[in-house]
Amino acid sequence: MECLNIDKMQGQREEKLGNTEEELTLDGTVDKHGHPAVRATTGRWFAGVLLLVNQGLATLAFFGVGVNLVLFLTRVMGQDNAEAANNVSKWTGTVYIFSLLGAFLSDSYWGRYKTCAIFQAIFVAGLVSLSLTSYIFLIKPNGCGDEKMPCRSHSTVHTVLFYMSIYLIALGNGGYQPTIATFGADQFDEDHPQESHSKVSFFSYFYLALNLGSLFSNTILVYFEDKGMWTLGFWASACSAILALVLFLIGTPRYRHRKPTGNPISRFCQVVVAAIRKWKIEQPSNGYELYEGDGRDLADNGSRNILHTKEFKFLNKAAIITSKERFDNPWRLCPVTQVEEVKCILRLFPIWLCTILYSVVFTQMASLFVEQGDAMKTKLSRFHIPPASMSSFDILSVAAFIFIYRRVLDPFVASLKKSSQRGLTELQRMGVGLIIAIMAMVAAGIVEHFRLKYANIDCPHCTNSSSLSILWQVPQYVLIGASEVFMYVGQLEFFNGQAPDGLKSFGSALCMTSISLGNYVSSLLVSIVMRISTTDNMPGWIPGNLNKGHLDRFYFLLAALTAADFLVYLICAKWYKYIEFEERSIRKQDEEKQGDLRF
């Protein structure tokens, strides 16, 4: 009888453990109290939709300032075109550089929820400050800042307040953007069949929310600000950001969280230093002789051990155990997982470099595409089409191709592969994005070639100087939008999925820094092309009067460079080895407990 009672008790404990495992998430996420997250009451699409709406509203607020900042600098702050363009480039680049700061604080110390909340509060403070500064000090006299009436000069204090405001906006938005994408992905358990599929879909909807938010800014807010209603536009952005923050805080009880894992820079340096110290030691014949660690640093946050790989063999020396080794000194001995984290970053680096040239193509939409459109026929009957509003076709293309890919193309490719898995891998999708970007540049070059045929060469200002309709630009905008769905959504999924568990926000930040460097490389490329093409008294490919230049040649040059980048990308993608994880430590512990009971 005593044996039967023991067996009965063991059975009850096994059943309890089994039920708990079904109720709790499998990826180690926790609720706001730090307890294991319960699947039914946390995360999933309730939290995901809140974060998607939050992203759309925050994007609306950001582009409500950024899309017309160059006009504000010229009309209100009294800067010339070159100075204003330079200041906007610096500001835009700073936004994306701050993304690295947000990712670092999120992964290392604050966690994603706290990082999102703090940087959104900074973002709101910057927008409110800009709105007040503009209304009280900068828009003077009243009604100035439109195309006809410039504003009066400003004191140093007013100028300082303005720059403090816009750089608070840059800090808030930059630190928030990479973290919110990763935090949204945390709401779905990638070890659960249904939720893992939802997690993949989330990145597509996240990019769609970003584009829908910018659509409102690029149409409605642009119109009011172009008419000189700057304060109205800025207050609309501020209210949108406040609403975004309120919605974010409303979801607090339902969010799933991951605990920060500590400073990744020191972990990276420890591997390098430990490997250098043992550079004379011979490599072991296989990975089983390397130090695996005790796993105590992984058990608390659901992180996973990374399987040993053969690449970058020199770094393996950091995990070799010698007779003089001390297991409590990470600057001399590092576990295999820590070594593999460094290898992961090194593997991602070449892929990331290949995405920068794509960002060069993407940035043309906000610069040369607009200038090209301004030199075309912008009237359709009596209706005037603002050249900057053509980006609406890009946004609509993004929305359409996200649906086409998720509902049509992806299932079709999966059926051809005769597999239940998803169709194209992230690397394959990024390659498709590069191919479509080449097509977009070729299309833009062809349109420019025909625009020049119908152009007035002697036009001094080059506005509406060609009889070719601006609607001929639609294909290049649509192709750019299609390429974004494959490249940028693929990037978000790839860098988030391939980054180690403690560096997920850093993976998302790589996408933003790619766009930042794309802006800088684009400016450098334009400068080089102009310096070379203006020799022998020639006006160059991109002069002030586009009718006397050859913008089409610049587009074809970008197409050729992107084609070369695609070939390099193929080599890097072929070389890349996907990260392989062991089972999560939490699940392993539960299995060990169950095994002990059964024994």
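Reading the values: rules and limits
- Residues numbered from 1 in each chain as written.
- Predicted model: local features only at pLDDT ≥ 70, side-chain atom pairs only at ≥ 80, totals over all residues.
- Heavy atoms only, no water.
- Helix = DSSP H or I, 4+ residues; strand = E, 2+ residues; numbered from the N terminus.
- Buried < 20%, exposed > 50% of the residue type's maximum accessible area, 1.4 Å probe, protein only.
- Contact = heavy atoms within 4.5 Å.
- Areas by Shrake-Rupley, 256 points an atom, 1.4 Å probe, with all protein chains shown as cover.
- Salt bridge = Lys/Arg side-chain N within 4 Å of Asp/Glu carboxyl O.
- Phe/Tyr/Trp six-rings, centres within 6.5 Å; stacked < 30°, edge-to-face > 60°.
- Lys NZ or Arg CZ within 6 Å of the ring centre and 35° of its normal.
- Disulfide = S-S within 2.5 Å.
- Core = buried A, V, L, I, M, F, W, Y, C linked by side-chain atoms within 4.5 Å.
- Domains from an automatic or database assignment.
- Axes fitted to C-alpha atoms, helices over the stretch in contact; angles between N-to-C directions.
- Parallel < 35°, antiparallel > 145°, perpendicular 65-115°, else oblique.
- Left-handed = near helix turned anticlockwise from the far one by under 90°.
- Nonpolar A, V, L, I, M, F, W, Y, C, P; charged D, E, K, R; others polar.
- Lys, Arg positive; Asp, Glu negative; His and termini not counted.
- Patch = residues over 30% accessible without salt bridge, like charges linked within 9 Å, V, L, I, M, F, W, Y side chains within 5 Å.
- pLDDT = per-residue confidence, 0-100.

In terms of regular secondary structure, the chain is built from 19 helices and 2 strands. The buried share of the chain, taken over its 599 residues, is 52%. The long-range fraction of contacts in the chain, counting pairs at least 24 apart against all pairs at least 6 apart in sequence, stands at 82%. For the chain, the accessible area works out to roughly 27,800 Å², and carbon and sulfur atoms hold 64% of it.

Quick look at the pattern of salt bridges now. Counting across every chain of the model gives 13 salt bridges. One salt bridge in this structure joins Arg429 and Glu493, with 3.0 Å as the shortest N-O distance. With Arg429 in helix α15 (residues 426-453) and Glu493 in helix α16 (residues 474-498), the pair connects residues that are 64 residues apart, well separated along the chain. The network of salt bridges with common partners includes Arg39, Asp189, Glu195 and Arg256.

As a further point, take the packing of aromatic side chains. Taken as a whole and assessed by the stated rule, the structure comprises 32 aromatic pairs. Between Phe62 and Trp91 the ring centres are 5.4 Å apart and the planes differ by 15 degrees, which places this aromatic pair in the stacked class. Residue Phe62 is located in helix α2 (residues 44-66), and its partner Trp91 is located in helix α4 (residues 81-110); the two are separated by 29 residues in the primary sequence. Each member of the pair, Phe62 as well as Trp91, carries the same accessibility label: buried. Ring geometry for Tyr113 and Tyr255: centres 6.0 Å apart, planes at 50 degrees, overall tilted. Placement of the pair is Tyr113 in helix α5 (residues 112-138) and Tyr255 in the loop between α8 (230-250) and α9 (264-277), with a sequence separation of 142 residues. A relative accessible area of 0% means that Tyr255 is categorised as buried. One aromatic cluster in this structure is built from Trp45, Phe188, Phe202, Phe203, Tyr205 and Phe206. The side chain of Arg254 reaches across the aromatic face of Phe46, ending 4.4 Å from its centre.

Another point: the state of the cysteines. Under the criterion given, the structure shown has 1 disulfide. Two residues share a disulfide in this structure: Cys144 and Cys151, whose sulfurs sit 2.0 Å from each other. With the S-S bond torsion at 90 degrees, the cross-link from Cys144 to Cys151 turns out right-handed. An identical accessibility class is assigned to Cys144 and Cys151; each is buried.

Phe72, Phe162 and Ile351 are the most contacted members of the largest nonpolar core, which totals 115 residues. Formed jointly, this core draws a minimum of three residues from each of two domains, domain 1 (23-260) and domain 3 (346-580). Sequence-distant contacts of Ile351, defined by excluding residues within four places in its chain, comprise Leu427, Met430, Phe494, Phe495, Tyr569, Cys572, Ala573 and Tyr576. Residues Val271, Ala274, Ile320 and Cys334 belong to the second largest nonpolar core, which totals 12 residues.

Below, the discussion takes up the packing of helix α12 (residues 336-363) against α16. Where α12 meets α16, the closest approach of the two axes is 12 Å, and the angle between their N-to-C directions is 160 degrees. In terms of orientation, α12 lies roughly antiparallel with respect to α16. Of the two possible hands of crossing, α12 and α16 adopt the one that is left-handed. Residue-level contacts link Cys344, Leu348, Ile351, Trp352, Thr355, Tyr358, Ser359, Val361 and Phe362 of α12 to Ile480, Ser483, Glu484, Met487, Tyr488, Gln491, Phe494, Phe495 and Gln498 of α16. For the contact of α12 with α16, a count of residues per class yields 12 nonpolar, 5 polar and 1 charged.

Relative to the assigned elements, Asp31 resides in the loop between α1 (2-23) and α2. At 8.6 Å, Lys32 is the nearest oppositely charged side chain to Asp31, a buried residue that forms no salt bridge.

This next bit is on the environment of Asn305. For Asn305, the position within the fold is in the loop between α10 (296-299) and α11 (313-316). Distance in space between the C-alpha atoms of Asn305 and Glu580 is 8.8 Å, their sequence separation being 275 residues.

Before going further, it helps to spend a moment on a nonpolar patch on the surface. Together, Leu380, Phe383, Phe393, Leu396 and Leu471 make up an exposed nonpolar region whose accessible area comes to about 470 Å². With respect to the helices and strands, Leu396 occurs in helix α14 (residues 391-416).

The next point concerns unusual backbone geometry. The omega angle of the peptide bond from Lys140 to Pro141 is 0 degrees, so this bond is cis rather than trans. Tracing the chain through its elements places Pro141 in the loop between α5 and α6 (156-185). Phi is positive for Arg44, which is not a glycine, with a value near 60 degrees. Structurally, Arg44 is set in helix α2.

Looking now at the confidence of the model for the chain. The predicted coordinates should not be examined in detail at positions where pLDDT is low. When the pLDDT values of the chain are averaged, the result is 81; 87% of them are 70 or greater. Predicted confidence is poor over residues 1-22, with pLDDT under 50, and the contacts of this stretch with residues over four places away or in other chains come to 11 contacts.

With that settled, the discussion passes to the environment of Thr41. Here Thr41 shows up in the loop between α1 and α2. Given a relative accessible area of 45%, Thr41 falls into the partly exposed group. When the C-alpha atoms of Thr41 and Asp31 are compared, they prove to be 9.5 Å apart, with 10 residues separating the residues in sequence.

Our next topic: the packing of α12 against helix α18 (residues 551-575). Close contact between α12 and α18 brings their axes to 10 Å; oriented N to C, the two are set at 160 degrees. If you check the angle between α12 and α18, you find them roughly antiparallel. α18 is crossed by α12, and the crossing has left-handed handedness. The residues of α18 that touch α12, namely those facing Arg347, Pro350, Ile351, Cys354, Leu357, Val360 and Val361, are Leu558, Leu561, Thr562, Asp565, Val568, Tyr569, Cys572, Ala573 and Trp575. Split into classes, the residues belonging to the contact of α12 with α18 amount to 13 nonpolar, 1 polar and 2 charged.

Here we take up the side chain of Asn173. Structurally, Asn173 is set in helix α6. By relative accessible area, Asn173 is classed as buried at 3%. When sequence neighbours within four positions are dropped, the list of residues in contact with Asn173 reads Ala58, Phe62, Val95 and Phe123.

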